[in-house]
Amino acid sequence: MARIAEWIAATSPSLLVSDVSVEVALLARLLGTPTAVVAMRGERTDPPHRAAYDLAELLLAPWPSTLPEPGWPRHWRAKTMHTGAFSRFDGRFPTHEPTDGLGLRRVLLLMGSGGHDISAAEVAAARAASPGWQWTTLGGPDGRWSADPWPALCAADVVVTHAGQNALAECAAARRPAVVVTQERPFGEQAATGRALTRGRVAVVTARWPRAHDWAALLEQAHAHGGERWSRWAPGDGAARALADAASVSAYTGKAQ
């Protein structure tokens, strides 16, 4: 916080963009700096979130305007810019190779490092209960780390992932069919995201890790559903939209850059 305060004192920024941190947003406002806050889904009407969102000049919502977060106060909605999800892979053309000569379709289990609710035994049971599907795991229990998951994403016939914003954005960039298993997170973030995905019919969503014998049908359902609806979630220019929105607010404040 001292480092941030020193930077604000030295540069007099026209705007500070807080990547979901309530504490940083409030510090900036206390120092007289306008803020843009990257919003998150879920129940955010607790006093700290309400204070940060109330004081922000701009709320950046990395989801589409057609799937807003229900229950937000009118004054939040009035200053919200819906950018759609954005990924480091935006702008890359997704390519998908046919299944291998053995006829096995491919599942990519894509988990992050932010915690998960599944065990290695549950993954093994799912794999055993879905003959005809070849599973690859990145992250999660016993999964390997990849600095660039793009090839694995593009190769997958179905991606199984959680409802974190980054994982969904990368799946969306690759336009792959998906089974989204929501995880327990503070403020019900992933549960709220799962409800939005369901409303938009973007992907197959489950509230918990399915039972082993349900996996074969879920994978077939996701594969038949396809991945083109991800274009509604992530149009591919979300980062540029966020930059343009922040720049417009920055210019409005009239302070030096």
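Everything in this summary refers to the structure shown in the same document.

The rules we used
Residues numbered from 1 in each chain as written. Predicted model: local features only at pLDDT ≥ 70, side-chain atom pairs only at ≥ 80, totals over all residues. Heavy atoms only, no water. Helix = DSSP H or I, 4+ residues; strand = E, 2+ residues; numbered from the N terminus. Contact = heavy atoms within 4.5 Å. Areas by Shrake-Rupley, 256 points an atom, 1.4 Å probe, with all protein chains shown as cover. Lys, Arg positive; Asp, Glu negative; His and termini not counted. Charge placed at Lys NZ, Arg CZ, Asp CG, Glu CD. Buried < 20%, exposed > 50% of the residue type's maximum accessible area, 1.4 Å probe, protein only. Pairing = 2+ DSSP bridges. Right-handed = clockwise from strand over helix to strand, strands pointing away. Polar contact = N/O pair within 3.5 Å; in protein donor to acceptor, adjacent residues only side chain to side chain. Salt bridge = Lys/Arg side-chain N within 4 Å of Asp/Glu carboxyl O.

## Observations regarding the overall build of the protein chain
Part 1 of the reasoning: Helix and strand counts for the protein chain come out as 11 helices and nine strands.
Part 2 of the reasoning: Along the longest, intermediate and shortest principal axes, the C-alpha atoms of the protein chain span 65 × 35 × 35 Å.
Part 3 of the reasoning: Here the analysis covers contacts within the protein chain between residues at least 6 apart in sequence; of these, 61% occur between residues at least 24 apart.
Part 4 of the reasoning: Element-wise, carbon and sulfur atoms account for 57% of the exposed surface of the protein chain, whose accessible area totals about 12400 Å².
Part 5 of the reasoning: Within the protein chain, the 24 negative side-chain charges are centred at a point lying 5 Å from the centre of the 26 positive side-chain charges.

## Here we look at the pairing of strand 2 (residues 35–38)
Each regular strand displays side chains that alternate between the two surfaces of the sheet.
Part 1 of the reasoning: The alternating pattern of strand 2 places Thr35 and Val37 on one face and Ala36 and Val38 on the opposite face, and all of these are buried.
Part 2 of the reasoning: Pairing analysis gives three bridges linking strand 1 (residues 16–18) to strand 2, with the strands arranged parallel. Bridge pairing in strand 2 links Ser18 to Val37.
Part 3 of the reasoning: A crossover connection joins strand 1 to the parallel strand 2 through helix 2 (residues 22–30); in handedness this β-α-β unit is right-handed.
Part 4 of the reasoning: The pairing of strand 2 with strand 3 (residues 58–61) spans three bridges and is parallel. Along strand 3, the bridge assignment pairs Ala36 with Leu58.
Part 5 of the reasoning: A crossover connection joins strand 2 to the parallel strand 3 through helix 3 (residues 47–55); in handedness this β-α-β unit is right-handed.

## Some words on helix 1 (residues 2–11)
At 3.6 residues per turn, the α-helix brings residues three or four places apart onto the same side.
Part 1 of the reasoning: With one of its 10 residues buried, helix 1 lies for the most part at the surface.
Part 2 of the reasoning: Ser12 sits one or two residues past helix 1 and shows a positive phi near 45 degrees.

## Focus on the environment of Ala242
Part 1 of the reasoning: As for its position among the elements, Ala242 is in helix 11 (residues 238–253).
Part 2 of the reasoning: With relative accessibility at 11%, the residue Ala242 sits in the buried group.
Part 3 of the reasoning: Once the C-alpha coordinates of Ala242 and His82 are considered, the two residues, 160 residues apart in sequence, prove to be 8.4 Å apart.
Part 4 of the reasoning: Those residues in contact with Ala242, other than ones at most four positions away along the chain, are Leu60, Thr83 and Phe86.

## As for the side chain of Asp157
Part 1 of the reasoning: Of note, Asp157 is situated in the loop between helix 6 (150–155) and strand 7 (158–161).
Part 2 of the reasoning: On the basis of relative accessible area, Asp157 is assigned to the buried category, the value being 4%.
Part 3 of the reasoning: Separated by 2.7 Å, the side chain of Asp157 and the backbone nitrogen of Arg106 make a polar contact.

## Overview of the pattern of salt bridges
Part 1 of the reasoning: According to the stated counting rule, one finds seven salt bridges in the structure shown.
Part 2 of the reasoning: Between Glu170 and Arg88 there is a salt bridge, with its nearest N and O atoms 2.7 Å apart. Placement of Glu170 in helix 7 (residues 165–174) and of Arg88 in the loop between strand 4 (80–82) and strand 5 (105–110) is noted, with a sequence separation of 82 residues between them.

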